[in-house]
Amino acid sequence: MGLLREGINEIIATTRDNAAPMGVILRDNSYAMVAFHGSHTAENISRHGWVVANIVHDPVMYVRTAFSDLEPGYFCEEAAGGLAVQRLLNAEGWVAFQADIARDTGESLVVALTPLREEVCSCTVNPVNRGFSSVIEATIHATRYIRREDSQLARLISHHASIVRRCGGPQEREALALLEEILLRECGFRTA
Ligand SMILES: Cc1cc2nc3c(=O)[nH]c(=O)nc-3n(C[C@H](O)[C@H](O)[C@H](O)COP(=O)(O)O)c2cc1C
């Protein structure tokens, strides 16, 4: 199996009826994830022992799944290593993992992942776009900002928003508009 790359892969993790952006870490042929307590992902991994890494290049999906739930029509069932798992219907590729809790730090679960099955669903080619990368950066900072209104995070979000405006296409701009709407609603924050 080899769809994911060495380093941290920013994927959309599906667990039972849930999707959220997460990082899957691949180092020296070992896969792991760090899932913070309080997330549905951590709770579902503890309960069911599996997670699917969905490879997606839709920036809007990262913003949506970071802050809200997806309707059931976004998921489909798959079998992987004798387990019934769920993946995203529109994934370009996916890897199903058995998920075992290696450590509980008190703040998060360190999860050891064993690949069970993977599939490439579409052979799209994705040219590098700084707007897409900045949607990911702004979204990750925003998930933290909503919990802790820190001025450095606010500056980073505005910095990445300006890159999205300059370098992004329609999908990236739609993702930014959604992120800005969420930030305004949740904490009254406006990007510069
Ligand atoms: C690109 C990206 C990567 C993220 N990686 C992680 C991660 O590795 N672990 C984690 O606990 N949260 C991570 N988050 C934050 C979660 O997606 C966020 O807390 C989300 O609300 C959790 O949703 P859930 O409650 O449905 O699991 C990441 C967010 C983004 C945008």
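Owing to the predicted nature of the structure, the values given are computational and were not obtained by experimental measurement.

Peer 1: Can you tell me about the pairing of strand β3 (residues 30–36), naming the residues and giving the values?
Peer 2: The side-chain alternation of β3 yields one buried face, formed by Tyr31, Met33 and Ala35, and one unburied face, formed by Ser30, Ala32, Val34 and Phe36. Taken together, the 4 bridges between strand β2 (residues 18–27) and β3 define a ladder with antiparallel strand orientation. Directly across from Arg27, in β3, lies its bridge partner Ser30. Between the end of β2 and the start of β3, which pair antiparallel, lie 2 residues, with Asp28 showing a positive phi angle near 50°. Sheet analysis places β3 next to strand β8 (residues 108–120), joined by 6 bridges and oriented antiparallel. Bridging across to β8, Ala35 finds its partner in Leu109.

Peer 1: Would you mind going over the nonpolar core in detail, with residue names and values included?
Peer 2: The biggest cluster of nonpolar side chains holds 20 residues, and the ones touching the most others in it are Leu4, Val24, Met33, Val51, Phe97 and Leu113. Among the elements of the structure, β1 (7–15), β2, β3, α1 (40–48), β4 (50–55), β7 (93–104) and β8 are those that each provide at least two residues to this core. Per element, the largest residue contribution to this core is 4 residues, and it comes from β2. In this structure Met33 touches Ala13, Met22, Gly23, Val24, Ile45, Val51, Leu109, Val110, Val111 and Leu113, once residues within four positions along its chain are discounted.

How each quantity is defined
Residues numbered from 1 in each chain as written. Predicted model: local features only at pLDDT ≥ 70, side-chain atom pairs only at ≥ 80, totals over all residues. Heavy atoms only, no water. Buried < 20%, exposed > 50% of the residue type's maximum accessible area, 1.4 Å probe, protein only. Helix = DSSP H or I, 4+ residues; strand = E, 2+ residues; numbered from the N terminus. Pairing = 2+ DSSP bridges. Core = buried A, V, L, I, M, F, W, Y, C linked by side-chain atoms within 4.5 Å. Contact = heavy atoms within 4.5 Å.

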